[in-house]
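These are the residues of each chain, in order.
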Amino acid sequence: MSQVRFGLRAKLLFFSSFLLTIPWLGYQYVWEMETYLRIGQEQTMVGTARAVATALHERPALFDSQSAYLKDVKPGTDLYAYKITYPIRLDGKLDDWQDYQQLTMEYGQQNLISQVTAYESSSLHFRHMVGQYDRYLYAMFDVTDDTVLLRPKSSLRIDKNDHLQIAMTDANGVFQRYIVAPTTQGWVNAYLLKPDLESLQPDRLETQIQGQWRNTNKGYQLELRFPLAMMSSKIAFAIVDVDDPVGRATEHIIGTANPSKVDSLGTVLVPSPEIEKILKGLKYSNARVWVVDKHMRVLARSGDISKAQGVNSAVQTNGVQSWWQYVESNWLLPLYYQILTKPPADFVDDLRDAYSLQGQDIIEALQGKPSSLWRLSSDNKAVIMSAAHPIYIDEAVMGAVVVEQTTHGIRTLRNKALERQFHYILLVILISTLALFSIASRLSWRIRKLRDETEGAIDQQGKIIGDIVPSYTRDEIGDLSRTFTSVLSKLSQYNAYLENMASRLSHELRTPVAIVNSSLDNLLLEQQSADNKQYLDRAKQGISRLSKILSNMSEATRLEQAMSSNEREVFELMELLQGCVAGYELAYGNRHFDFSASGPSIFVNGSPELFAQMLDKIIANAVEFSELDSEISISLESQERTSVLSISNQGSLLPENMQDQLLDSMVSVRKQQNTEQPHLGLGLYIAKIIAEYHQGNLQINNLTDKSGVVVRLVFKH
């Protein structure tokens, strides 16, 4: 299993990746700063709410007419006059009320004031709301009535038909009752009733209460308006249902409250124009401000939450885009905002049309404790912070001021800070990475250069054939280079000594060997006894073996000297092989030689004498390791780009995992019993040297059928 290798550059890049903790810390720092900015924004908003509340303290006139003194608010009875943006066209079609449909209330059985017959929902129910525009109070009624019965034109009674009753207290606190009972659909006015509460007789036509009655396929629709100056804060509306055209008896009365009793009237809360005047200047405060009564109903509001960002984060531009701004806006910022989030341009504002507010901050403020609250918009796009402060009148809490802002400004400032930080981080990382990569590349190049010089100085046989150029750089790699140079120089001297030792030893021993050999020859010429002659023969054989050993020891050295001084020549290989094979047949009569060649003529640039010497070494090994009368095959094949000379013999096999080692110096696998000839393991080594001299590659392997050994010499054309 191969192991993954990490170079210097990879290691430096890995350790330099820890620099990424710096931008992470910066990112966390910016988030912490955003937290502190939010705390500061919260405190500022609480201060703004306190300042507005201070302007409203101890001003009971702002709350007297606003039903703020009620202990409890009854939904459907205590009404809220929502502030209408545009005037309502009194046409009875209710089209102008479409934007306020969610504010209408349904009145049915739970709002029954009186009933003569059993109530059924299909008989009578209606939707109703009131709104305020300018100086007028508007009301709408969408009535479902199974039988619409209008007042006859000749009738003086206005209560014997379907009609609307209105009861209110005027600005002077006088209880007033009105009835809207038209004879036909269209424009209507109300009749003011006489003060007698037991009577429904009209006193006069009240033209200030005006509107439009329109019949529909399910009942009728009614739109009304009248000046706010006609009333105080108490009011009630009731729909009277008459279905019998003969008896014309009242069957059901459903309304907001009982219009016949002054004590049972409900209230209507109209947004205070006085408070709105006070808040008018706050629309420039970059916040939305609410004033609510102690029942959390809205008395006034100012500002737009979509523009209430809290912090001004606008960036001034000169209109001309530089190259840096182009790179930043088109390349960098799109990359950054894969992580960052932009504040949304639009989000859902649930309180846009609210007439009452809710929240823990308002609850605490109405208990006399300033408070603040963070909340998400319903679409989870915006974070909105609200701060509430109580309003005091006579030591009692009568309402609260609520200030709202989004965190868009803070988020934008955070993004701007992170953008600048990312700019600097990218620059630092880029410079640091380039510097580290350059250093790593320089170190890696120097180490690879030292490695290549070291490998090139020693060949595969361990012979020193080159030098290492020492580095004069004063660092660890320079010290290593100089140390390698010194070690290689010493090894070179030692190897030169070892290489010359064989020739020197051979030279020094030849003279004593020659003396001993000549002495033995002289002794053999004399008459010797049988025992002495046996000893002399053995001594003669030993001296002969010693002479051959000395010759073999110096053969490799002489061969290298011959190759260095020999001049190359081009010779035809097939012709050389044919001559050598003919000689081998004569020299080794107890072996059969089979020579074959295919392909065109092959020409080799080298020395035919050395090539023949190489063949002699290979054939000698083939003969020695083959059986008597066996065949030695010699074949020459010419391929497209290479030529292969193969020499194979039948006989003993090579030991496992020894094929490559047999071509090295001083390696032999002959058995110890074979002592006829001295062997130093140089034959195939010499053949390999000659093959490399002729740009060839010598290979030795067992035959595929395990019957012998084959030696291949591969030449490249």
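Everything numeric in this text was worked out from a predicted model, so none of it was measured.

About the criteria used
Residues numbered from 1 in each chain as written. Predicted model: local features only at pLDDT ≥ 70, side-chain atom pairs only at ≥ 80, totals over all residues. Heavy atoms only, no water. Pairing = 2+ DSSP bridges. Helix = DSSP H or I, 4+ residues; strand = E, 2+ residues; numbered from the N terminus. Axes fitted to C-alpha atoms, helices over the stretch in contact; angles between N-to-C directions. Expected span 1.5 Å × (residues − 1). Contact = heavy atoms within 4.5 Å. Salt bridge = Lys/Arg side-chain N within 4 Å of Asp/Glu carboxyl O. Buried < 20%, exposed > 50% of the residue type's maximum accessible area, 1.4 Å probe, protein only. Phe/Tyr/Trp six-rings, centres within 6.5 Å; stacked < 30°, edge-to-face > 60°. Lys NZ or Arg CZ within 6 Å of the ring centre and 35° of its normal. Parallel < 35°, antiparallel > 145°, perpendicular 65-115°, else oblique. Left-handed = near helix turned anticlockwise from the far one by under 90°. Patch = residues over 30% accessible without salt bridge, like charges linked within 9 Å, V, L, I, M, F, W, Y side chains within 5 Å. Areas by Shrake-Rupley, 256 points an atom, 1.4 Å probe, with all protein chains shown as cover.

Colleague: So what's going on with the sheet that holds strand β22 (residues 631-638)? Which residues, and what values?
Modeller: Overall, mixed pairing links the five strands, which are arranged β20-β22-β23-β25-β24 in an open sheet. In this open sheet, the two edge strands, each paired with only one partner strand, are β20 (592-598) and β24 (696-702). Taking the axes of each pair of neighbouring strands and ignoring which way they run, one obtains an average angle of 15° across the sheet. Sheet topology note: the β24/strand β25 (residues 708-716) ladder contains seven bridges and is antiparallel.

Colleague: How would you sum up helix α10 (residues 573-587)? Please name residues and give values.
Modeller: The first and last C-alpha atoms of α10 sit 21 Å apart over 15 residues, in line with the 21 Å expected at 1.5 Å per residue. Where α10 is buried, its residues touch β19 (569-572), β20, β21 (603-606), α11 (608-624), β22 and β23 (642-650).

Colleague: Just give me the short version of the pattern of salt bridges, but keep the residues and values in it.
Modeller: Evaluated as defined, the whole model comprises 13 salt bridges. Here Arg-157 makes a salt bridge to Asp-159, at a shortest N to O gap of 2.9 Å. Owing to a relative accessible area of 12%, Asp-159 belongs among the buried residues under this scheme. Across the pair Arg-446 and Asp-475 runs a salt bridge whose closest N-O atoms are separated by 2.6 Å. Of the two residues, Arg-446 sits in helix α7 (residues 408-457) while Asp-475 sits in the loop between α7 and α8 (476-525), which places them 29 residues apart along the sequence. Each member of the pair Arg-446 and Asp-475 is classed as buried. Beyond isolated ion pairs, a larger network of salt bridges with shared partners links Arg-288, Asp-349, Arg-375 and Glu-404.

Colleague: Which residues make up the packing of aromatic side chains, and what values do they have?
Modeller: In total, this model carries nine aromatic pairs according to the counting rule given. Measuring from centroid to centroid gives 4.2 Å for Trp-213 and Tyr-220, while their planes differ by 15°, and the two rings are stacked. The class for Trp-213 is buried, based on a relative accessible area of 1%. A centroid spacing of 6.1 Å and a plane angle of 35° characterise the contact between Tyr-584 and Phe-593, whose relative ring orientation is tilted. Each member of the aromatic cluster is reached from another via a ring pair, and the members are Tyr-107, Phe-126, Phe-141 and Phe-237. Here Arg-225 stacks its cationic end above the ring of Tyr-136, 4.7 Å away from the centre of that ring. A cation sits over an aromatic face here: Arg-568 above Tyr-693, 4.0 Å from the ring centre.

Colleague: Which residues make up the sheet that holds strand β15 (residues 298-302), and what values do they have?
Modeller: Strand pairing in a sheet is mediated by backbone hydrogen bonds. Such pairs are either parallel or antiparallel. The five strands are arranged β15-β14-β18-β17-β16 in an open sheet whose pairing can be described as antiparallel. Each end of this open sheet is capped by a strand with a single partner; those strands are β15 and β16 (371-376). Put simply, the sheet's adjacent strands are angled 20° from each other on average, direction ignored. The pairing of strand β14 (residues 288-293) with strand β18 (residues 396-406) spans six bridges and is classified as antiparallel.

Colleague: Lay out the packing of helix α2 (residues 21-56) against α7 with the relevant residues and their values.
Modeller: Contact geometry for α2 and α7: axes closest at 10 Å, N-to-C directions at 160°. Relative to α7, the element α2 is oriented roughly antiparallel. The hand of the α2/α7 crossing is right-handed. Together, Pro-23, Gly-26, Tyr-27, Val-30, Trp-31, Glu-34, Leu-37, Arg-38 and Gln-41 of α2 and Ile-410, Arg-411, Arg-414, Ala-417, Leu-418, Gln-421, Phe-422 and Ile-425 of α7 make up the contact between the two elements.

Colleague: Would you mind going over a nonpolar patch on the surface in detail, with residue names and values included?
Modeller: On the surface, Tyr-494, Tyr-497, Leu-498, Met-501, Leu-505 and Leu-509 cluster together to form a nonpolar patch covering roughly 540 Å² of accessible area. Relative to the helices and strands, Tyr-497 is located in helix α8.

Colleague: I'd love a proper account of the pairing of strand β7 (residues 175-180), names of residues and values included.
Modeller: Extensive coverage of β7 is indicated by the burial of six of its six residues. A two-sided burial pattern is seen for β7, the buried positions comprising Phe-175, Arg-177 and Ile-179 on one face and Gln-176, Tyr-178 and Val-180 on the other. One ladder, built from six bridges, connects strand β6 (residues 163-169) with β7; its direction is antiparallel. Bridge assignment links Thr-169 to a residue of β7, and that residue is Phe-175. Where β7 and strand β8 (residues 186-193) come together, two bridges link them in antiparallel fashion. Across the sheet, the residue bridging to Ile-179 is Tyr-191, located in β8. As consecutive antiparallel partners, β7 and β8 are separated by five residues.

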